[in-house]
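# Structure at a glance
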Amino acid sequence: MAIWIDGRRHEADPERNILDVCLSRGLDLPYFCWHPALGSVGACRQCAVKVFKDDKDTRGRLAMACMTPAKDGTRLSIDDAEARELRRSVIEWLMLNHPHDCPVCDEGGECHLQDMTVMAGHLVRRTRFEKRTFRNQYLGPFVRHEMNRCIQCYRCVRFYADHAGGKDLGVFGAHDAVYFGRHADGVLESAFAGNLVEVCPTGVFTDRTLGRHYVRKWDLQTAPSVCVHCSLGCNTTPGERAGSLRRIRARYSGAVNGWFLCDRGRYGYEFVNSERRVRRPFVRGEAATSEVTPAALARAWSKGRVLGIGSPRASVESNYALAALVGPERFHQGTSAAQTALVATIIRILREGPARTPSLREVERCDAVLVLGEDVASTAPMLALALRQSVRRQPERAALELGIPGWQDGAVREVVGNRKGPLFIAASVANEARELDELATRTVRAAPEDVARLGFAVAHALDASAPEADGLFGRLPAQIAGALAGAERPLVVSGTGAGSEAVIQAAASVAWAAGAGRGRAAELVYVVPECNSLGAALIGGRSLAEAFAAMERGEVTGAIILENDLYRRAPEADVDAFLDRAGHVVVIDHLAHDTASRASTLLPAATFAESSGTFVNNEGRAQRFFQVFDPDSTDIRPSWRWIAALDGATDRWPNLDELQAALARELPIFGEIAAAGVPAEYRVRGARIPRALHRQSGRTAITANRELHEPRPPEDPDSPFAFSMEGAPRVPLARLAPEVWAPGWNSCQALNRFSAEIGGALLGGDPGVRLLEPIEGAPPAYFSPPRVDSLPEPPPDSLLVVALHHVFGSEELSALAPGVAELAPKPYVALGEEEALERGVSEREEVDLSIDGGPILTLPVRIRPGLPRGAVGLPAGPVRFVPAGSRARISKR
């Protein structure tokens, strides 16, 4: 199918609109209200074009490109004089009240309004009267508000309310006095509020954290990266200036996060600049030196029999390097026995079962969902955002039947109304905002083992050959089974959040049973705890408990601990005993923590922004993150380089490519890991890829206080990127572009130039390679449900401890960012309404809490609606490690 644009023939998809097609073909056409993820509403009138009936029509008519379908044979003109004049005049109207503050606006230099003003030809202001002004609001630690810059495109409320489900930001007023903000000053409640910074085409919403260490955007040094704050592996673009990480932006991925990020992923970056960073090596008994000598490293390594403890937040390469150093029999994953077992079960299910794990973008297209045991909105916010889109799939079919295309957002929402597709949630807890509960067809709050039994009952209702479960939920299993069986793309979501292997097994059984009679299992998503939980587990290794046991038996006399605070993984007494018995402890980490304080040798590791490596997300997708900047301290090295230096074999792996090759040879599951990136020798016309834009200001000024000449850029042996603005001007693989920029497109909207079709895969393919694929046609090996009479009798008057995950504060690294810390909860104990009433305690009242007979903690009470009777909730993160299945006693003070 083809359309004609200014006399030239262009291939076009009839399912798209004209604006979409024009941008996909690299044509310049201004717009404001349209966004690829939000669709069209025709609010700004900026994308006007002249449309002709046929090749004989010379007069034509003006039409809005975003509201006009790209029908076969359509003829239109972007360059028509009347269309150009309308676009210019629309910009002039929009600019009537816009302030002349571009030089001091945080958005200056990457502002979509600036780009469109130039593109539309509005070059001179003719207005001289007084401008309309507004009062700005305080919107929290992440987003700054400057309402006077607003052009009323409505993008902010369409994203915040319609797409992300936020309720506290809206539009007020009418006519030419329209106000976008909250009903009163206050912190924006949505976990996706930071996306307003990129969604807004002007400077109304800007990054408050960047404002604390502001730098012009063209002066930032960037590289493709991956979020480290959950297991989903969202793509990011970190920006650095003068040795300090200044911001994180969402990096488009057609397979993972699309255009957006959650606020934990966007604003958790400041741990890289934290005062808790380890920047100098330390050897106990010796003075801290600017360089640890090979002799000192040799002494640290030769202190007898040593075991290695890996980490789910360290890269695949660093974990493998440690396993290769100490040997597989002495390598431990660095997670509790329970968590190690849970992730191992997930891997076994994904590798040996018939159910496939969809990407986040594929989750959005699922049309019936069952969530088992996972508080998705807290542990994986971007997955919750994808589920929010999935509940629209079934109701949207009514719009398609009426001939309304999916991109016509306003009309589709009018047809859909408040109707939602099937979403069933069964879990012990929900996040405090209960964001997904409002979308759910039915919500069940129960203890993990009861949630598992519900899952097994659903599996049996789908497939009579699946084991039968105890009948605790009446007709609900049949209702869920009917919804999944009647869907085109059913989905089951679970994870490790409930700490229950039975819940994980139940989710697999439901997904497999959903394939009975249809030949294909339902899709299956598991949420795992950290950014590389799956990657570290695929390397293998024993649990942390086995490391403690080996030290107690005297089989080893020392330990190398990789990027891991053991006090977050195991009971304090167990960790103390382990470290007391160890004759020598080497800790390699970028953060100072309680475990690091016990180290005999402490080596400063590079963060994700200071090194290159690979993470494997919950989907089993290996993704490369690239070094953004060279740290000021020469002592900060990637963890795997410190590991290589410990046994004096620094030439064992000269660069990351060699390390990956060794990994692929030894562990076949990682055979394709090199495809997640490109070799360090990759060049574009013989040149490296510059990390800095060609517009960057001279870096000489940064070091002018120390030296007058520009220092030689550091060498990077691990990637094809250069620490410079010099290099290849264009990169054929869009996934390697450090930043999105194109002539005339200085804002993030330049992304339109980096994909063949708007919203499709990047040019050259999306980043990452899937390591885990299902065995198609494999017969389901159903798990057996737990029996009520097989469960141990709980101690009298005790409550089951349930971990309460929070978007802010539960994840270790982001909790060190000042803005995240401001929103993180202080330690508390949560009780359901019935439990609190029975015990006679009220909100904020202090109670004494003892876990498994341990020391008494005095904490304030928070009433948590939906928390099941017989359970007590503790926030994950602020309170030290609590084993899954722990019991607690509460007493009034």
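## Here we look at the overall build of the protein chain
Looking only at helices and strands, the protein chain features 25 helices and 35 strands. Taking 29 Å as the expected radius of gyration for a compact globule of 893 residues, we find that the protein chain reaches 28 Å, a close match to that expectation. Counting only C-alpha atoms, the protein chain reaches 90 × 75 × 55 Å along its principal axes. In the protein chain, the proportion of contacts linking residues at least 24 apart, taken out of those at least 6 apart, comes to 74%. Treating the 104 positive side-chain charges of the protein chain as one cloud and the 110 negative ones as another, the clouds have centres 4 Å apart.

## Details of the environment of Ala-815
Along the chain, the position of Ala-815 falls in the loop between β30 (799–804) and α24 (818–823). Under the relative-accessibility criterion, Ala-815 is labelled partly exposed at 27%. In this structure, the C-alpha to C-alpha distance between Ala-815 and Ala-242, residues 573 residues apart in sequence, is 24 Å.

## Observations regarding unusual backbone geometry
Phi angles above zero are rare outside glycine, and Gln-152 is one such case at about 55°. The topology assignment puts Gln-152 in the loop between β6 (143–145) and α4 (155–163). Taking relative accessible area as the criterion, Gln-152 reaches 22% and is therefore assigned partly exposed. Of note in the backbone geometry, Arg-844 takes a positive phi value of approximately 75° without being a glycine. Checked against the element boundaries, Arg-844 lands in the loop between α25 (833–839) and β32 (846–851).

## Quick word on the domain arrangement of the protein chain
Each assigned domain of the protein chain is listed here: domain 1 (2–94), domain 2 (274–335 + 530–607 + 634–647), domain 3 (345–528) and domain 4 (792–892). Using only C-alpha atoms to locate each centre, domain 1 and domain 4 end up separated by 56 Å.

## Thoughts on the pattern of salt bridges
Considering all chains together, one arrives at 58 salt bridges under this definition. For the salt bridge of Asp-635 with Arg-280, the shortest nitrogen-to-oxygen distance reads 3.8 Å. With Asp-635 in the loop between β26 (621–625) and α22 (639–646) and Arg-280 in the loop between α7 (263–267) and β14 (282–283), this residue pair connects regions lying 355 residues apart in the sequence. Given a relative accessible area of 4%, Asp-635 falls into the buried group.

## Topic: the environment of Leu-188
Looking at the secondary structure, you find Leu-188 in the loop between β8 (177–181) and α5 (196–199). A residue is classified by how much of its surface remains accessible, and Leu-188, at 8% relative accessible area, is buried. Between the alpha carbons of Leu-188 and Val-143 there is a distance of 8.4 Å; along the sequence they are 45 residues apart. Beyond its immediate chain neighbours, meaning those up to four positions away, Leu-188 contacts Leu-139, Val-143, Tyr-160, Asp-168, Leu-169, Arg-182, Ala-193 and Leu-196.

## With respect to the state of the cysteines
By the definition in use, this model includes zero disulfides. For Cys-44, which is in no disulfide, the shortest distance to another cysteine sulfur is to Cys-33 and amounts to 3.7 Å. Taking the relative accessible area as the measure of exposure, Cys-44 reaches 10% and is therefore buried.

## Comments concerning the pairing of β26
Counting buried positions along β26 yields five of five residues, so the element is predominantly enclosed. Burial along β26 is two-sided: Arg-621, Gln-623 and Phe-625 facing one way and Ala-622 and Arg-624 facing the other are all buried. Two strands pair when backbone bridges link them, and strand β25 (residues 613–616) and β26 are joined in this way by four bridges, in the antiparallel orientation. From the neighbouring strand, Thr-614 faces β26, where its bridge partner is Arg-624. In this structure, the hairpin formed by β25 and β26 is closed by a connection of four residues, where Gly-620 is found at a positive phi of approximately 85°. Two strands pair when backbone bridges link them, and β26 and strand β29 (residues 769–770) are joined in this way by two bridges, in the antiparallel orientation. The residue of β29 that forms the bridge with Arg-621 is Arg-770.

Quick notes on the rules
Residues numbered from 1 in each chain as written. Predicted model: local features only at pLDDT ≥ 70, side-chain atom pairs only at ≥ 80, totals over all residues. Heavy atoms only, no water. Helix = DSSP H or I, 4+ residues; strand = E, 2+ residues; numbered from the N terminus. Rg over C-alpha atoms; globule rule 2.2 N^0.38 Å. Contact = heavy atoms within 4.5 Å. Lys, Arg positive; Asp, Glu negative; His and termini not counted. Charge placed at Lys NZ, Arg CZ, Asp CG, Glu CD. Buried < 20%, exposed > 50% of the residue type's maximum accessible area, 1.4 Å probe, protein only. Domains from an automatic or database assignment. Salt bridge = Lys/Arg side-chain N within 4 Å of Asp/Glu carboxyl O. Disulfide = S-S within 2.5 Å. Pairing = 2+ DSSP bridges.

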